[in-house]
Amino acid sequence: MAASLPHTLSIPHRRHSSISHFNEQILGICRVDANFNCQRRAKVVCQGMLAPRKFMQRRKKIEVFEDAADEADQKNWRKMMNEIDEVGSAVSVLREQRTKNQPLPKELVLGTLVRFKQQKKWNIVAEILEWLRTQHWWNFNEMDVLMLITAYGKQGDFNKAERVFSYINKKGYAPSVISHTALMEAYGKGGQCNKAEAIFRRMQSSGPEPSAVTYQIILKIFVEADKFQEAEEIFETILNDEVSPLKPDQQMFHMMIYMYKKAGSNDKARRLFSMMTERGLQQTSVTYNSLMSYESNYKEVARIYDQMHRAKVRPDVVSYALLISAYGKARREEEALAVFEEMLDAGVRPTKKAYNILLDAFAISGMVDQAKVVFKSMRRDRCTPDLCSYTTMLSTYVNASDMEGAEQFFKRIKQDGLEPNVVTYGTLIKGYAKANDLETMMKKYEEMQLQGIKANQTIFTTIMDAYGKNRDFGDAVIWFKEMESCGVVPDKKAKNILLSLANTVEEKAEARKLVGLSDDSDNGLIVINDNIGFEDEDDVDDVDDDVSEDDDVDDDVSEDDDVDGDGEETLSLIDERKEVSIPMGI
């Protein structure tokens with residue numbers, strides 16, 4: 001069957017173990033879709049795509065218990081944990097476990113705390129510990145206090161973390177690197193970067209001595225706040241063996257490589273990559289993921305991916321997701337699918353966000369049939385589509401100029417129990433603007449407002465552009481001013497679009513005045529507004545953010561300082577499965 005494929009089907013030049021499998025999966029010959037603007041790219045036939053893999057099938061677990069009592073205890077405990085998950089609160093369920101005012105078994109309490117800690121459900125951990133503080137039958141000790149402040153730190157609740165930190169001081173506990181680091185992390189997650197830095201500097205000058213985890217977290221805080229110089233200074237200090245008692249570890253190198261890629265300093269990132277070998281540090285998939293992060297050229301991502309293979313480093317789900325994303329953004333859907341198939345053949349279970357990225361690869365080019373297959377496969381493989389998945393699927397219809405299909409799918413979002421957000425509405429508004437259907441576009445805008453959703457930068461820009469192109473410059477000015485009156489500061493894209501809409505001398509003068517350009521400044525701004533995105537700072541699940549943020553560039557340090565991987569749903573350029581955790585000794 002592979003021999004019947006036309007030459008228009010491009011396959012990566014790299015060695016992919018699943019290429020032959022991919023060719024065999026395609027049942028039929030690709031045909032050119034006439035609706036594909038100037039690209040005229042070959043369309044991947046969706047029959048046979050993403051066939052089920054045995055390793056993803058449900059398997060019945062065989063458990064071995066010590067005796068009947070142990071079996072009963074384990075089953076009761078699991079039933080209790082499921083109930084907590086369903087209720088969303090732990091205390092009410094734990095109260096019911098007590099009989100005749102007897103204390104709960106210590107093993108049950110500790111086991112419950114440890115499990116929720118492993119699941120990173122820090123809100124439940126904090127709830128349980130706050131309840132235990134009030135229970136006379138529980139000895140609330142220093143380790144409990146440290147875990148509580150850690151839980152608040154992980155949630156970024158610096159107000160509660162401060163309160164518990166004060167409690168530690170009142171109890172007369174010795175200054176702890178764990179409590180200081182947790183409070184520092186709380187400030188960082190809460191956007192209080194200066195306060196986090198103040199704690200770190202105080203630890204450096206007067207103690208307690210910062211640990212490796214402390215350094216990992218402060219570097220992460222600085223990188224997320226784009227304080228690259230401060231992060232670099234700290235890392236350079238650690239590199240100096242004569243000054244620092246600590247040596248930079250794997251996680252610190254990963255964070256700094258990621259930072260340099262984020263800052264566009266590719267040479268520095270590669271230099272650190274080489275330095276890891278010189279210092280005897282193992283280069284893992286996380287290392288290569290860091291190098292691939294923020295890389296805009298799909299060829300460079302593929303080159304690093306090949307380098308990882310040559311080094312006999314097994315790609316993880318993030319590695320595959322980064323390569324799939326790079327191909328998708330380059331509108332090379334066939335290669336994106338081939339890499340996804342390779343991931344499945346390698347026995348790597350895709351996460352929800354990995355599926356979303358493949359979905360986005362087809363959505364960009366409006367390949368509705370292929371996107372439908374991916375969307376359906378998510379449910380089959382126990383990756384329940386989230387709002388991001390639905391919004392991406394909606395954008396597939398929009399990019400295919402199928403507004404009737406988009407409208408039907410928009411209704412399905414609500415039918416399936418999800419609430420559209422600003423990104424969802426923005427995607428639909430973009431579609432109607434593109435179709436020059438201003439009446440329906442405004443109906444969707446008004447519907448969004450009635451739902452209590454405020455328009456973001458890109459929605460205002462889209463409406464302004466649509467009115468300027470289809471009516472007159474005056475309407476565009478009205479929407480530009482409306483944007484400002486709603487507290488949304490026009491960005492460079494909005495200003496460029498307004499300038500591009502001005503035709504007469506008077507209009508150009510008004511546009512320059514509105515965007516803040518002086519009469520003698522160079523009007524050399526060029527705008528390309530065919531692909532206005534709808535990213536919103538509150539929409540953490542946006543597809544583009546999944547592979548360029550992160551959300552989270554955390555490396556997980558377990559109690560033994562080993563990296564663990566739970567394979568859960570946070571996609572990060574450093575490692576989607578990991579988050580810096582503070583050893584608790586519980």
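Residues numbered from 1 in each chain as written. Predicted model: local features only at pLDDT ≥ 70, side-chain atom pairs only at ≥ 80, totals over all residues. Heavy atoms only, no water.

An unreviewed UniProt entry annotates the chain as Pentatricopeptide repeat-containing protein originating from Centaurea solstitialis. Recorded under Sequence similarities (unreviewed entry), the UniProt text for the chain is reproduced unchanged: "Belongs to the PPR family. P subfamily." (UniProt positions renumbered as here; feature names shortened; annotations may be inferred.)

Draft legend 1. Fine view of the overall build of the chain. Looking only at helices and strands, one finds 28 helices and zero strands in the chain. Among the 586 residues that make up the chain, the fraction classed as buried is 52%. Long-range contacts, defined here as pairs at least 24 residues apart, represent 64% of the contacts in the chain between residues at least 6 apart. Total accessible area on the chain is roughly 28,000 Å²; 47% of this is exposed by carbon and sulfur atoms. (Helix = DSSP H or I, 4+ residues; strand = E, 2+ residues; numbered from the N terminus. Buried < 20%, exposed > 50% of the residue type's maximum accessible area, 1.4 Å probe, protein only. Contact = heavy atoms within 4.5 Å. Areas by Shrake-Rupley, 256 points an atom, 1.4 Å probe, with all protein chains shown as cover.)

Draft legend 2. View of the packing of helix α8 (residues 177–189) against helix α10 (residues 212–224). Packing of α8 against α10 brings their axes to within 10 Å, and their N-to-C directions diverge by 10°. With respect to α10, the element α8 is oriented roughly parallel. Only Thr-214, Ile-217, Ile-218, Lys-220 and Ile-221 of α10 make contact with α8, whose side of the interface consists of Val-177, Thr-181, Met-184, Glu-185, Gly-188 and Lys-189. Classifying every residue of the contact of α8 with α10 by side-chain character gives five nonpolar, three polar and three charged. (Axes fitted to C-alpha atoms, helices over the stretch in contact; angles between N-to-C directions. Parallel < 35°, antiparallel > 145°, perpendicular 65-115°, else oblique. Nonpolar A, V, L, I, M, F, W, Y, C, P; charged D, E, K, R; others polar.)

Draft legend 3. View of the confidence of the model for the chain. Of all residues in the chain, 78% have pLDDT values of 70 or greater, and the mean over the chain is 81. Overall, residues 1–45 carries pLDDT values under 50, and its contacts beyond four positions in sequence, including any with other chains, amount to 89 contacts. (pLDDT = per-residue confidence, 0-100.)

Draft legend 4. Molecular detail of the packing of aromatic side chains. The full count for this structure, using the stated rule, is 19 aromatic pairs. On the basis of an interplanar angle of 80° and a centroid distance of 5.4 Å, the ring pair of Phe-200 and Tyr-215 is categorised as edge-to-face. Taken together, the residues span a long stretch of sequence, with Phe-200 in helix α9 (residues 193–206) and Tyr-215 in helix α10 at a distance of 15 residues. As far as burial versus exposure is concerned, Phe-200 and Tyr-215 are alike and both buried. (Phe/Tyr/Trp six-rings, centres within 6.5 Å; stacked < 30°, edge-to-face > 60°.)

Draft legend 5. Structural view of the environment of Arg-133. Within the secondary structure, Arg-133 sits in helix α5 (residues 122–133). Put simply, Arg-133 and Val-145 are twelve residues apart on the chain and 9.0 Å apart in space, counted from C-alpha to C-alpha. Within the local environment of Arg-133, its side chain forms a polar contact with the side chain of Glu-130, the two groups lying 3.2 Å apart. (Polar contact = N/O pair within 3.5 Å; in protein donor to acceptor, adjacent residues only side chain to side chain.)

Draft legend 6. Highlighting helix α20 (residues 387–399). Between its first and last C-alpha atoms α20 spans 18 Å; for 13 residues at 1.5 Å apiece the expected length is 18 Å, and the two agree. Residues of α20 that are buried include every one of Leu-387, Cys-388, Ser-389, Tyr-390, Thr-391, Thr-392, Met-393, Leu-394, Ser-395, Thr-396, Tyr-397 and Val-398, and no others. Between the side-chain oxygen at the start of α20 and the backbone nitrogen of Cys-388 there is a gap of 3.2 Å, and the oxygen is on Asp-386. At the exit of α20 stands Ser-401, carrying a positive phi of roughly 60°. (Expected span 1.5 Å × (residues − 1).)

Draft legend 7. Structural detail: helix α4 (residues 106–118). End to end, α4 covers 18 Å across 13 residues, agreeing with the expected 18 Å (1.5 Å per residue, within 8%). Every buried residue of α4 is listed here: Leu-108, Val-109, Thr-112, Leu-113, Phe-116 and Lys-117. Viewed along the axis of α4, the buried residues span an arc of 165°, placing them on a single side of the element. Among the exposed residues of α4, those oriented more than 90 degrees off its buried face are Lys-106 and Glu-107. Buried residues along α4 sit in contact with α2 (68–87), α3 (91–97), α5 and α6 (142–155). With its phi angle positive at about 60°, Lys-120 sits one or two positions after the end of α4. (Arc of directions from axis to C-beta.)

Draft legend 8. The arrangement of the packing of α8 against α9 in detail. It is the contact of α8 with α9, at a shortest axis distance of 7 Å, that shows an interaxial angle of 160°. The angle between the axes of α8 and α9 places the two elements in the roughly antiparallel class. At the point where α8 passes α9, the crossing takes the left-handed sense. Together, Val-177, His-180, Thr-181, Leu-183, Met-184, Tyr-187 and Gly-188 of α8 and Cys-193, Lys-195, Ala-196, Ile-199, Phe-200 and Met-203 of α9 make up the contact between the two elements. When the residues that make up the contact of α8 with α9 are grouped by side-chain class, the tally is nine nonpolar, three polar and one charged. (Left-handed = near helix turned anticlockwise from the far one by under 90°.)

Draft legend 9. The arrangement of the nonpolar core in detail. Residues Leu-50, Leu-132, Leu-358, Met-441, Tyr-445, Ile-463 and Leu-498 are the most contacted members of the largest nonpolar core, which totals 161 residues. A total of nine residues in this core trace back to one element, the largest contributor, which is helix α16 (residues 317–329). With sequence-adjacent residues up to four places away left out, Leu-358 is seen in contact with Leu-50, Ile-324, Ala-336, Leu-337, Phe-340 and Val-374. (Core = buried A, V, L, I, M, F, W, Y, C linked by side-chain atoms within 4.5 Å.)

Draft legend 10. A look at the pattern of salt bridges. The final tally for this structure, using the stated rule, is 22 salt bridges. Residue Arg-412 is joined to Asp-416 by a salt bridge in which the shortest nitrogen-to-oxygen separation is 3.2 Å. With relative accessibility at 37%, the residue Asp-416 sits in the partly exposed group. The shortest N-O distance in the salt bridge between Lys-443 and Glu-439 comes to 3.9 Å. One end of the pair is Lys-443 and the other is Glu-439, both in helix α23 (residues 438–450) and four residues apart, which spans about a single turn. Glu-439 sits in the exposed class, given a relative accessible area of 57%. (Salt bridge = Lys/Arg side-chain N within 4 Å of Asp/Glu carboxyl O.)

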